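# What the coordinates show
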Amino acid sequence: MACVSAAEPERQQKIRSWMGMTVHNLYIFDRNGSCLHYSEWNRKKQAGISKEEEFKLMYGMLFSIRSFISKMSPLDMKDGFLAFQTSRYKLHYYETPTGIKLVLNTDLGVPNCRDTLQQIYSTLYVEYIVKNPLCVLGESLQSDLFSSKLDSFIRALPFFSVRAA
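The structure presented is a predicted model; accordingly, all values stated were derived computationally and were not measured.

### Describing the packing of aromatic side chains
Scanning the entire structure with this criterion turns up 7 aromatic pairs. On the basis of an interplanar angle of 10 degrees and a centroid distance of 5.8 Å, the ring pair of Tyr 27 and Phe 29 is categorised as stacked. Note on accessibility: Tyr 27 and Phe 29 belong to one class, buried. Among the aromatic residues, those joined into a ring-pair cluster are Tyr 27, Phe 29, Tyr 38, Phe 55 and Tyr 59.

Structure, rendered in structure tokens:
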């Protein structure tokens, strides 16, 4: 007979939930709302609309949330809108000084991804897009190198998990 503390089931649940966390998708928008890049890893459900329509809806929602928060916040919003969550997923948001917007959708248990999004911008986007003379800024990203580096980066995150469920 094993002696199990009352905290043991809770600890096991936390381990199981950590193992189940993952990244669903990533959007990169320019300052005008054009989707420059979209990647998908563990998305369980499609929107049922075209990707272009989905991009417009996502950007419109971001625009509305940012506007609402800036008007309704009782405090000065130095960092602005960082994330929000529903009962099914968590949306992480990062906007650069140049107006590039990165949106990462994850499972609920994933901690704040601001640093992760900053790293994607500074080490991947700047290095493989901004500094690449073949990439035209403001147009859809057509760099296979950027896409493969981004995929490797996301898959190496401690909360990334490939799952079929």
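Having seen the structure, we can now continue with the description.
### Let's talk about the pattern of salt bridges
Taken as a whole and judged by the stated rule, the model has 6 salt bridges. In this structure, the salt-bridge partner of Lys 101 is Glu 95, at a minimum N-O distance of 3.5 Å. Here Lys 131 makes a salt bridge to Glu 127, at a shortest N to O gap of 2.9 Å. With a relative accessible area of 54%, Lys 131 lands in the exposed category.

### A few points about the pairing of strand E2 (residues 35-40)
With respect to burial, E2 is a largely interior element, 5 of its 6 residues being buried. In sequence, strand E1 (residues 23-29) turns back onto E2 through a hairpin of 5 residues, with Gly 33 there showing a positive phi of about 95 degrees.

### Things to note about the nonpolar core
Membership of the largest hydrophobic core comes to 28 residues, with the highest contact counts inside it found for Val 23, Leu 102, Ile 120, Tyr 125, Phe 146, Leu 150 and Ile 154. Taken together, the elements giving at least two residues each to this core come down to E1, strand E5 (101-106), helix H3 (114-130) and helix H4 (144-155). Ignoring sequence-local partners within four residues, the contact set of Ile 120 consists of Leu 102, Tyr 125, Leu 150, Phe 153 and Ile 154.

Cut-offs and rules
Residues numbered from 1 in each chain as written. Predicted model: local features only at pLDDT ≥ 70, side-chain atom pairs only at ≥ 80, totals over all residues. Heavy atoms only, no water. Phe/Tyr/Trp six-rings, centres within 6.5 Å; stacked < 30°, edge-to-face > 60°. Buried < 20%, exposed > 50% of the residue type's maximum accessible area, 1.4 Å probe, protein only. Salt bridge = Lys/Arg side-chain N within 4 Å of Asp/Glu carboxyl O. Helix = DSSP H or I, 4+ residues; strand = E, 2+ residues; numbered from the N terminus. Pairing = 2+ DSSP bridges. Core = buried A, V, L, I, M, F, W, Y, C linked by side-chain atoms within 4.5 Å. Contact = heavy atoms within 4.5 Å.

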